[in-house]
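So you can see what is in the structure, the chains are spelled out below.
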There are 2 protein chains.
Amino acid sequence: MTIENVSVNKSFAGWQKQYSHFAKTVNCNMRFAIYLPPQASSGQKVPVLYWLSGLTCTDENFMQKSAAQRIAAELGMAIVAPDTSPRGEGVADDESYDLGQGAGFYVNANQSPWDRHYHMYDYVVHELPELIESMFPVSDKRAIAGHSMGGHGALTIGMLNPERYCSMSAFSPISNPMTCPWGQKAFTAYLGKDKATWRNHDASELMREAKQFVPAKVDQGAADNFLLEQLKPDALLAAANVSGYPLEYQLHDGYDHSYYFISSFIEQHLCFHATHLNG
Amino acid sequence: MTIENVSVNKSFAGWQKQYSHFAKTVNCNMRFAIYLPPQASSGQKVPVLYWLSGLTCTDENFMQKSAAQRIAAELGMAIVAPDTSPRGEGVADDESYDLGQGAGFYVNANQSPWDRHYHMYDYVVHELPELIESMFPVSDKRAIAGHSMGGHGALTIGMLNPERYCSMSAFSPISNPMTCPWGQKAFTAYLGKDKATWRNHDASELMREAKQFVPAKVDQGAADNFLLEQLKPDALLAAANVSGYPLEYQLHDGYDHSYYFISSFIEQHLCFHATHLNG
C-alpha cells in the first residue's frame, strides 16, 4: 500500500496531515486527513476516532472548523476524517448537492451508475482503518462520530459493527433516512427501490432492533433548520426506548446545523469517546 | 447608521454574527463578523478585541478556524473581525493576491486608483469601533491583534494609537514591510514612492522610535515559509531592543503560517489581552 502525503501542519504539539491513496473499495484515489496527537510522536500507540462529515464536505471541514485538536492532544487520541464520497473525473456525479460527489451516504451502492465507485461503507469500515493501523502509530481501539449525513454514517456503521467500535456519537444525524427527503433520494439512487435493503442503513431501524449495544451520544441543535424535515431525532429516541439502547441524547437551545454548534460541544464528544476507548 | 444582519450562529453560549453596512471611510459596503460572549447577553458591557486578518482573508477565516470563541466566552470578551479590504464591483482591484481586494494593508491609500476606497486605516481605527460601540453591548476598552498582513496592521495601528488600545498582539506579522516584497509592492501602490510616508506604517520603524508603550505579544512559527523573505521578526526584535519596548516574543519550533498555528496559541493571546483589558 502506498500513500502520498499532501500536507503537514503542526497543531497543538501534534501533527495535522492529509494523505492521498488509491482505494480498492471505491476504485479511485481518496484523500483523508489525520490528526496525530503529540503522544503518537513519542512511540505511544494511540486510539483513533473516525469522523464522518456531512453533505458537501471534504476531509478538511472538520479539521479546520471543529477545534478538536486541542482536546485530542490532551486526550492522546488520533482523529481520521475521510472524504465524504469517491471523487474524480471518472466518478459518477449529480448536479444537486445531496447526491453523488460529496454525498456518498456511507453505503455500498448496488445501482448503476453509482455501483462502480460508491462503496463508502466498505472504505470506512474496512479499507481505511486497515491502512491507518498499518501506517500510523495507532492502536486497534476505534470510535466513530459524525455530523448530519456523517452522523447517519457513524450511528449505522457503529451499530452494524459493534465489535469494531468502542463508542459512537453524532451531531445532528440524519436519524431516520428512510422517512426523510435526503435519505429517500440517496437510498433510491444507491440501493434501489426495495426498502428492505434500506433498513440496514437507517439508524432508527437498527437501534430499534439492536441486541448488542455500542455506547452512543447524540447532540442536536434546537434551532437547526433541518431538524423536522430531515433529521428526525424523535424516531431515534423512540427506537432507543424500544430496545433499551444506552443513548445519551441532548437537545441544545439556540444552536443550529453549523460547525459553530459542533465546536461548542466537540470537547464533550471526545471525552465521551476517550472514556470508552481507554475503558 | 444602519447595519444589516447577515448571519447568526450560537457558539459557546454566545452569538457569532455577521453584519454589512455602508462605510463612509472606504465609500462602499463592508462586512464584519462579531463574536458576542454570553456575558454580553446579560447586560454586561464587554471589552472588544479587534482581529485583523491576512492576505486573501475575509471577515470569516478567523471566526471559522481560530477556535477563539471558547476562550472569549470564558473571558467575557467580544471579538470583531473586519474584512481585509474594501470590496465590490466599483472597487479597484489587481489580479495578484497581494494587492487590491483582500489586501488593503490597513493604510489610507493616497495614490490613484486606490485612493477612492482603500482607507482601511480610518475604517479600522475610527469608523468600525464607533459603530461597534454604538450598536453592541461593549465597553470602550479595546485591544487589537492580527495575523501576517493583519499582524502588521495590529502592531502599526496599536503603536500609532496608544491611547486607544490596551494591548496588541500578532501572529507571524509582516514586521518590516519597507524591506520585504509584500510591503514594498503594497506601499508603492497605496502610498507612492516616497519612503518617508512608509515609515509611519512599518512596525519595526515605529517600535524603534516609540516613546509610549502598548503591551505587545508576538508569536512566530519557525517553519513558516514566509519567515525570512516577508516577515522579518528580527527587525522588530532589534527595534524593540533600541527603544526598550515591552515586547513578548516567542518563536515556535515546527509551526507554519497557517491557522493551525493560530488556533494552537490563540488562548495565550486572548488571556494576554484580557489581563490588559481588565487591568
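Looking at an unreviewed UniProt entry, one finds chain A named S-formylglutathione hydrolase and attributed to Paraglaciecola polaris LMG 21857.

S.K.: What should I look at first to understand the overall build of chain A in this one?
M.R.: For chain A, the helix and strand inventory stands at 11 helices and nine strands. For 279 residues, the compact-globule estimate of 2.2 N^0.38 gives 19 Å, and chain A sits close to it at 17 Å. Along the first, second and third principal axes, the C-alpha atoms of chain A reach 50 × 40 × 35 Å. Every one of the 279 residues in chain A was classed for burial, and the buried ones make up 63%. Pairs at least 24 residues apart make up 72% of the contacts formed inside chain A by residues separated by at least 6 positions. Here chain A displays about 10200 Å² of accessible surface, and carbon together with sulfur accounts for 48% of that area. Both charge centroids of chain A, one from 20 positive and one from 29 negative side chains, sit 4 Å from each other.

S.K.: Any chance you could explain the interface of chain A and chain B here in plain terms?
M.R.: Contact residues are listed per partner, giving 24 residues for chain A and 24 residues for chain B. The largest share of the area that chain A buries against chain B comes from Lys-10, Gln-64 and Tyr-260 of chain A, three residues that together contribute 35% of it. Where chain A touches chain B, the interface holds zero salt bridges. Put simply, chain A and chain B have 10 residue pairs in polar contact (both at pLDDT 80 or more) between them. Counting only elements with at least two residues in the side of chain A that touches chain B, the list comes to strand S1 (3-11), strand S2 (14-23), helix H2 (61-65), helix H3 (69-75) and helix H11 (259-277) of chain A. The biggest single contributor to the side of chain A that touches chain B is H11 of chain A, with five residues.

S.K.: What is the right way to look at the relation of the copies chain A and chain B in this model?
M.R.: Here the second copy of the chain follows from the first by a rotation about an axis and a shift along it. Expressed as a screw operation, the relation of chain A to chain B combines 0.0 Å of axial shift with a rotation of 180°, fitting to an RMSD of 0.0 Å. Here the copies are linked by what is in effect a two-fold axis. Here 100% of the contact residues of chain A are again contact residues in chain B; the copies associate through an equivalent surface.

S.K.: Even after reading the chapter, I still don't get the UniProt feature "active site" (unreviewed entry) in chain A, so can you show me in this structure?
M.R.: Residue and element names in this part refer to chain A. In the numbering adopted here, UniProt assigns the feature "active site" (unreviewed entry) to Ser-148, Asp-224 and His-257. These annotated residues cover 110 residues of sequence, and their C-alpha atoms lie no more than 10.8 Å from one another, placing them together at a single site. Of the residues named above, Ser-148 and His-257 line the second largest pocket. Inspection of the secondary structure assignment puts Ser-148 in the loop between strand S6 (138-147) and helix H5 (149-160). The contact partners of Ser-148, leaving out residues within four places of it in the chain, are Gly-54, Phe-171, Ser-172, Pro-173, Ile-174, Trp-182, Leu-231 and His-257. For His-257, the location among the structural elements is in the loop between strand S9 (247-252) and H11. Using a relative accessible area of 15% as the deciding quantity, one classes His-257 as buried.

S.K.: Honestly, the pattern of salt bridges in this entry has me stumped. Any pointers?
M.R.: Close approach of charged atoms allows side chains of opposite charge to pair. Under the defined criterion, the tally for this structure stands at 20 salt bridges over all chains. Its salt-bridge partner being Arg-31 of chain A, residue Asp-59 of chain A comes within 2.8 Å of it at the nearest N-O pair. Highlighted residues: Asp-59 of chain A in the loop between strand S4 (46-52) and H2 and Arg-31 of chain A in strand S3 (residues 28-36), separated in sequence by 28 residues. The shortest N-O distance in the salt bridge between Glu-133 of chain B and Arg-142 of chain B comes to 2.7 Å. Shared partners join several salt bridges into a network, and the residues in it are Arg-31, Asp-59 and Glu-60 of chain A.

S.K.: What is the right way to read the nonpolar core from this model?
M.R.: Counting residues in each nonpolar core, the largest one holds 69 residues, and the members touching the most others are Phe-32, Ile-132, Phe-136 and Tyr-190 of chain A. For this core, the leading source of residues is helix H4 (residues 120-135) of chain A, giving eight residues. If we ignore the near neighbours within four places in the chain, the residues touching Phe-136 of chain A are Ile-3, Tyr-19, Phe-32, Ile-34, Leu-36 and Leu-131 of chain A. Judged by nonpolar contacts, the second largest core, of 68 residues, contains Leu-36, Leu-55, Val-91 and Tyr-190 of chain B.

S.K.: I would appreciate a short explanation of the sheet that holds S1 of chain A in the present structure.
M.R.: Each strand in a sheet pairs with its neighbour through backbone hydrogen bonds, running either in the same direction (parallel) or in the opposite one (antiparallel). Residues and elements named next belong to chain A. Across the sheet, which stays open at both edges, the nine strands sit in the order S1-S2-S3-S5-S4-S6-S7-S8-S9 with mixed pairing between neighbours. The open sheet terminates on both sides in strands that have one partner only, identified here as S1 and S9. The mean angle between the axes of side-by-side strands here comes to 20°, regardless of whether they run parallel or antiparallel. The sheet contact formed by S6 and strand S7 (residues 167-171) spans five bridges and is parallel. The residue of S7 that forms the bridge with His-147 is Phe-171. Strands S4, S6, S7 and strand S8 (216-221) of the sheet are contacted by H5, whose axis makes an angle of about 135° with S6.

How each quantity is defined
Residues numbered from 1 in each chain as written. Chains lettered and ligands numbered in written order. Predicted model: local features only at pLDDT ≥ 70, side-chain atom pairs only at ≥ 80, totals over all residues. Heavy atoms only, no water. Helix = DSSP H or I, 4+ residues; strand = E, 2+ residues; numbered from the N terminus. Rg over C-alpha atoms; globule rule 2.2 N^0.38 Å. Buried < 20%, exposed > 50% of the residue type's maximum accessible area, 1.4 Å probe, protein only. Contact = heavy atoms within 4.5 Å. Areas by Shrake-Rupley, 256 points an atom, 1.4 Å probe, with all protein chains shown as cover. Lys, Arg positive; Asp, Glu negative; His and termini not counted. Charge placed at Lys NZ, Arg CZ, Asp CG, Glu CD. Buried area = accessible area lost by both parts, 1.4 Å probe. Salt bridge = Lys/Arg side-chain N within 4 Å of Asp/Glu carboxyl O. Polar contact = N/O pair within 3.5 Å; in protein donor to acceptor, adjacent residues only side chain to side chain. Least-squares fit on C-alpha atoms with pLDDT ≥ 70 in both. UniProt positions renumbered as here; feature names shortened; annotations may be inferred. 1 Å grid on protein atoms, 1.4 Å probe; cavity = no way out; pocket = protein on both sides within 12 Å on 5 of 7 lines; lining within 4 Å. Core = buried A, V, L, I, M, F, W, Y, C linked by side-chain atoms within 4.5 Å. Pairing = 2+ DSSP bridges. Axes fitted to C-alpha atoms, helices over the stretch in contact; angles between N-to-C directions.

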